[in-house]
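Okay, here's what each chain looks like letter by letter:
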Amino acid sequence: MSNTTNVMMGGVGGQGIILASEVLAEALMAAGLDVKKSEVHGMAQRGGSVRTDVRFGPKVWSPLISPGGADLLVAFEQLESLRYLPYLREGGTAFVSTQVIVPTTVVGGAGYPADVKERLGKRAKRVVMVDAPGLAAKAGNVRTAGIALLGAFAPLLPVPDEAWEVAFAAKIPGRFLEVNRKAFQLGREAGV
Amino acid sequence: MKCLLSGNEALARGAYEAGVRLATAYPGTPSTEITEAIISYPEVFAEWAPNEKVALEVALGAAMGGARALCSMKHVGVNVAADPLMTAAYTGAAGGLVVVSADDPGMHSSQNEQDNRHYARLAKIPMLEPADSQECLDFMRLAFDLSEHFDTPVLVRTTTRVNHGKSIVTPGEPLPARQTGFTRNPPKYVMVPNNARRRHVVVEERAQALRGYSETTPLNRIEWGDKGLGIITSGVSYQYVKEVAPNASVLKLGFTWPVPAELIRTFASQVNRVVVVEELDPYLEEQVAALGFKVEGKSLFPIVDELNPGLVAAGLSGTPAPSAAPEADLPGRPPVLCPGCPHRASFAAFKKLKLIAMGDIGCYTLSVLPPLNAIDSCVCMGASIGGAHGMSKALGPEAKVIGVLGDSTFVHSGITPLVDMVYNRGTATVVILDNGTTAMTGRQEHPATGKTVRGEPTVRLDLEALCRAVGVKDVQVVNPCDFAAFEKAMASAVSHQEPSVVIARSPCLLLTRERGKPVTIAEEQCVECGLCLQLGCPGLMAEQGRKRELRPVVSEELCVGCGLCAYVCSRHAIKEAGRE
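Criteria and cut-off values
- Residues numbered from 1 in each chain as written.
- Chains lettered and ligands numbered in written order.
- Predicted model: local features only at pLDDT ≥ 70, side-chain atom pairs only at ≥ 80, totals over all residues.
- Helix = DSSP H or I, 4+ residues; strand = E, 2+ residues; numbered from the N terminus.
- Rg over C-alpha atoms; globule rule 2.2 N^0.38 Å.
- Buried ≥ 20, exposed ≤ 12 C-beta atoms within 10 Å, placed from the backbone.
- Contact = placed C-beta atoms within 7 Å.
- Nonpolar A, V, L, I, M, F, W, Y, C, P; charged D, E, K, R; others polar.
- Pairing = 2+ DSSP bridges.
- Core = buried A, V, L, I, M, F, W, Y, C linked by C-beta atoms within 7 Å.
- Axes fitted to C-alpha atoms, helices over the stretch in contact; angles between N-to-C directions.
- Parallel < 35°, antiparallel > 145°, perpendicular 65-115°, else oblique.
- Left-handed = near helix turned anticlockwise from the far one by under 90°.
- Right-handed = clockwise from strand over helix to strand, strands pointing away.
- Expected span 1.5 Å × (residues − 1).

## A short note on the overall build of chain A
- The secondary structure content of chain A amounts to seven helices and six strands.
- For chain A, the N- to C-terminal ordering of α and β elements is β-α-β-β-β-α-β-α-β-α-α-α-α.
- Its C-alpha atoms give chain A a radius of gyration of 16 Å, near enough to 16 Å, the size a compact globule of 192 residues would have.
- Reported as C-alpha extents along the three principal axes, the dimensions of chain A are approximately 50 × 40 × 35 Å.
- Relative to its 192 residues, chain A shows a buried fraction of 56%.
- Put simply, of all contacts in chain A between residues at least 6 apart along the chain, 69% involve residues at least 24 apart.

## Examining the overall build of chain B
- The number of helices and strands found in chain B is 21 helices and 23 strands.
- Over its C-alpha trace chain B gives a radius of gyration of 27 Å, about what one expects of a compact globule, namely 25 Å for 580 residues.
- By its C-alpha atoms, chain B is 80 × 60 × 50 Å across when sized along the principal axes.
- Here chain B holds 580 residues, and the buried ones make up 54% of them.
- Of the contacts formed within chain B by residues at least 6 apart in sequence, a portion of 73% connects residues at least 24 apart.

## Re the interface of chain A and chain B
- Across the contact, 44 residues belong to chain A and 47 residues belong to chain B.
- Residue assignment for the side of chain A that touches chain B shows that the elements contributing at least two residues are helix H1 (17-30), strand E2 (34-38) and helix H2 (78-83) of chain A.
- Examining the composition of the side of chain A that touches chain B, we find that five residues originate from one element, E2 of chain A, more than from any other.
- Class assignment of the residues belonging to the side of chain A that touches chain B gives a composition of 24 nonpolar, 13 polar and seven charged.
- Judged from the three bridges that link them, E2 of chain A and strand E8 (residues 165-169) of chain B form a sheet pairing that is antiparallel. The residue bridging Lys37 of chain A from the neighbouring strand is Lys166 of chain B, located in E8 of chain B.

## Concerning the nonpolar core
- Counting 232 residues, the largest nonpolar core has Leu73, Ala148 and Leu149 of chain A together with Ala59 and Ile402 of chain B as the members making the most contacts within it.
- Here this core gets nine residues from one element, more than from any other, and that element is H1 of chain A.
- Here Leu149 of chain A is in contact with Ala20, Val74, Phe76, Phe95, Ser97, Val130, Ala132 and Gly187 of chain A, once residues within four sequence places are set aside.

## Details of unusual backbone geometry
Residues and elements named next belong to chain B.
- Here Thr29 and Pro30 are connected by a cis peptide whose omega angle stands at 10°.
- Along the chain, Pro30 falls in the loop between strand E2 (22-25) and helix H2 (32-38).
- Along the chain, Trp257 connects to Pro258 via a cis peptide bond; the corresponding omega equals -5°.
- Here Pro258 lies in the loop between strand E12 (255-257) and helix H11 (261-268).
- A positive phi angle, near 50°, is found at Asp151, a position not held by glycine.
- With respect to the helices and strands, Asp151 occurs in the loop between helix H6 (133-150) and strand E7 (154-159).
- Of note in this structure, Leu280 is not a glycine but carries a positive phi near 65°.
- Its location among the elements puts Leu280 in the loop between strand E13 (273-277) and helix H12 (283-290).

## Section: the sheet that holds strand E17 (residues 429-434) of chain B
Residues and elements named next belong to chain B.
- The parallel open sheet is built from five strands, whose spatial order is E15-E16-E17-E19-E18. Both edges of this open sheet fall to strand E15 (356-358) and strand E18 (474-478), since each of them pairs with a single strand only. Between one strand axis and the next, the sheet turns by 20° as a mean value, whatever way the strands run.
- Where helix H15 (residues 383-395) meets the sheet, it contacts E15, strand E16 (401-406) and E17, and its direction lies at approximately 175° from that of E16.

## Digging into the pairing of E8 of chain B
Residues and elements named next belong to chain B.
- In terms of residue burial, E8 counts as a mostly covered element, since four of its five residues are buried.
- Examined bridge by bridge, strand E1 (residues 3-6) and E8 share four bridges and lie antiparallel to one another. The residue bridging Cys3 from the neighbouring strand is Val169, located in E8.

## A short note on the sheet that holds E7 of chain B
Residues and elements named next belong to chain B.
- If you trace the seven strands from one edge of the open sheet to the other, you get E3-E2-E4-E5-E7-E6-E12, paired in mixed fashion. Of all the strands in the sheet, the pair left with one neighbour each is strand E3 (45-48) and E12.
- Pairing geometry for strand E6 (residues 127-128) and E12, over two bridges, is antiparallel. Across the sheet, the residue bridging to Leu128 is Phe255, located in E12.
- Relative to the sheet, H6 contacts strand E5 (97-103), E6 and E7, its axis offset from that of E7 by approximately 160°.

## Concerning the packing of H1 of chain A against helix H5 (residues 145-153) of chain A
All names here are of chain A.
- At a closest axis distance of 8 Å, the pairing of H1 and H5 adopts a crossing angle of 40°. In terms of orientation, H1 and H5 fall into the oblique class. In terms of crossing hand, the pair formed by H1 and H5 is right-handed. Here Ile17, Leu19, Ala20, Val23 and Leu24 of H1 come into contact with H5, specifically with Gly146, Ile147, Leu149 and Leu150.
- Looking at the contact of H1 with H5, its residues break down into eight nonpolar, one polar and no charged.

## Digging into the pairing of E5 of chain B
All names here are of chain B.
- Counting buried positions along E5 gives seven out of seven residues, so the element sits mostly inside the fold.
- Residue alternation in E5 divides its side chains into two sets, Leu97, Val99, Ser101 and Asp103 and Val98, Val100 and Ala102, and both sets are buried.
- Where strand E4 (residues 69-74) lies against E5, six bridges are found, and the strand directions are parallel. Across the sheet, Ala69 pairs through a bridge with Leu97, a residue of E5.
- Taking the sense of rotation as the criterion, the β-α-β connection linking E4, helix H4 (residues 75-91) and E5 turns out right-handed.

## Looking at the environment of Pro552 of chain B
Residues and elements named next belong to chain B.
- Tracing the sequence through the fold places Pro552 in strand E22 (residues 550-554).
- Between the C-alpha atoms of Pro552 and Glu528, which are 24 residues apart in sequence, the distance is 7.3 Å.
- Setting aside its immediate chain neighbours within four residues, Pro552 contacts Ile521, Cys532, Leu533, Leu540 and Ala542.

## Concerning H15 of chain B
Residues and elements named next belong to chain B.
- For H15, with 13 residues, the first-to-last C-alpha span of 18 Å sits near the 18 Å given by 1.5 Å per residue.
- Of the surrounding elements, those touching the buried residues of H15 are E15, E16, helix H17 (415-423) and E17.
- Positive phi shows up at Gly396, right after H15, with a value of about 100°.

## As for the packing of H1 of chain A against helix H6 (residues 161-171) of chain A
Residue and element names in this part refer to chain A.
- Taken N-terminus to C-terminus, the directions of H1 and H6 make an angle of 135°; their axes are 8 Å apart at the nearest point. Between H1 and H6, the angle falls in the class oblique. Regarding H1 and H6, the two cross each other, and that crossing is right-handed. Every residue of H6 that contacts H1 at Leu19, Glu22, Val23, Glu26, Ala27 and Ala30 is listed here: Ala163, Trp164, Val166, Ala167, Phe168, Ala170 and Lys171.

## Examining the environment of Ala268 of chain B
Residue and element names in this part refer to chain B.
- By secondary structure assignment, the location of Ala268 is in helix H11.
- Residues Ala268 and Asn424, 156 residues apart in the sequence, show an inter-C-alpha distance of 59 Å.
- What Ala268 contacts, discounting residues up to four positions off in sequence, is Gly230, Val274, Val288 and Phe293.

Just distances and angles here, no functional claims.
Written out as structure tokens, the structure reads:
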């Protein structure tokens, strides 16, 4: 497992996780790495909790990350960061969007946790909260929050600028390219 | 040129490279994208069939006509197509016929997790199990060659992690699509008993030949390593094995019916410990055990749910698997009906009228979840109607029983049970939730949308005329988002003792993308009764109440202003934009 890096992305169906993970996987391939990605379609996309596993390195076997195996946890929503926290290895890194989406199950019973960053800190060595919705709005389109978040952790990845460019061109329709590039750049500046 | 493809995209590419002429399917997770990917190849005739049985019959007909044909479906679709499948094994498939069964261990989007490898054994047809996207492409090409060579349908069996996993693929050169034509051959194609008796002998002779092929195919290979541990595996489980036991000896099986008995003997006799790693049933394990070897498998790994590297490592070492369970106090986030979904309005009416609702397969199955809690059964495609008819016969004609299903599901398997209900003097009500698409699998066309898989216009199936034609006299078409009118129509339909159909027609919001302005709540009027929150709409959030436990707060981002919450509000505290 040592040669493979594991990125787990979690959030709410409809937040653009699949697009962000597509761009990430394409960029890793363009950087000359082996890459595998796994997710679930169908029922999971109806506003439920969703996860995408991205693994890369010289040679990748499993498409799935085991609990405790993720080097990097990327959450598009605060509560979802805690749901997938058991997948992060002790001492790993978490990038979490400040976005809050209250689930319909918060009708009595368990409430929305108020101490997300503290709980993450118990397992993660480094927790970076990213104002992805704010950055996306600044870029000019609120739907680019996922790409802004991707920009925030991009400096941690062995992916040169040219490879990101290849991935953007492959996965993002022409008319949305510029706004996504801008969101990515704003994320990159915010994450460092 | 290398590219990153999902297993489904690679299966479509492999079929295209093999010169496939016809591809047919009914949408079903995790198989849907095979057909969606194949329409990028204009040479291929592609179609959505009304169900998997029809799809397989179409594909078999094409293969009899000398063309290569692909038929893909999810695991439970094979149950629907099992009738033609069993006898297609007898007729053979001259032009080449490949059936994809996309299984769903873990039931990410399914009603059961049956292991369809048993079908290959039952039908006595060869089975291939790819382990990543490159193998999806390569195995699909080979599957067509095998189908033609052995004159048999071939089953390509995948699982969710293969279908929806993406990995790097090097595509090949496409073969020209061939068409060898139809050669009349009644003893082979007309399965009356006298012909079928002779064909059964052919099936058994072919099985013998396939056993020989299984021994020599490069799809089955030994990767020698440390001979202390020998692992036999197939499909995605192979990836988990290589991940966690890189030094073990591995027998990787890509051709899994018939299994290669001699190769297994060679492998098992040279290692100290034989372990089978496979998801779901002990399909390989039992066949290895039958060869007389001491083998471990389901004693180490779970028979339920899908595997992952952590579970495989834990099973091999006899240690507990790492837990993926989040902290217990986290609120869950199950999938929900979209804000403004017309189905929510329908189910709110059923609940208000206290109907027994026999449900079906589709987005609307989500209405079983709290707080809506609005359906009483869900079994398989079309089961709502037969179920409602049976239930109303059991409870008597006074009972208010409905069978409720979507438009695509009705076309798939709802027509024959409706005929049954009318013919046998049933009294239940059938509600067709007609949102103009196959929503759950990602909005595919179907016969009642009037468009083909490529979006081209075609003859539209007229649902109301169809229901009348089978003998239902009381057919109403109502928009469920016209809340009061729909409630009235439902009350009327369930009140009289004859079969009735209500077509609840309102388009899926994912199709129209229509959004109204969010509702507003007059706080001084709200008594925090909770009726609106019982709708389970993501557009309404529950916050700490001032008077009682919880009060509704509108989510400006999610509310589309459908007004259902305003309709159910006991105090008229919720206002629709532009309405007083």
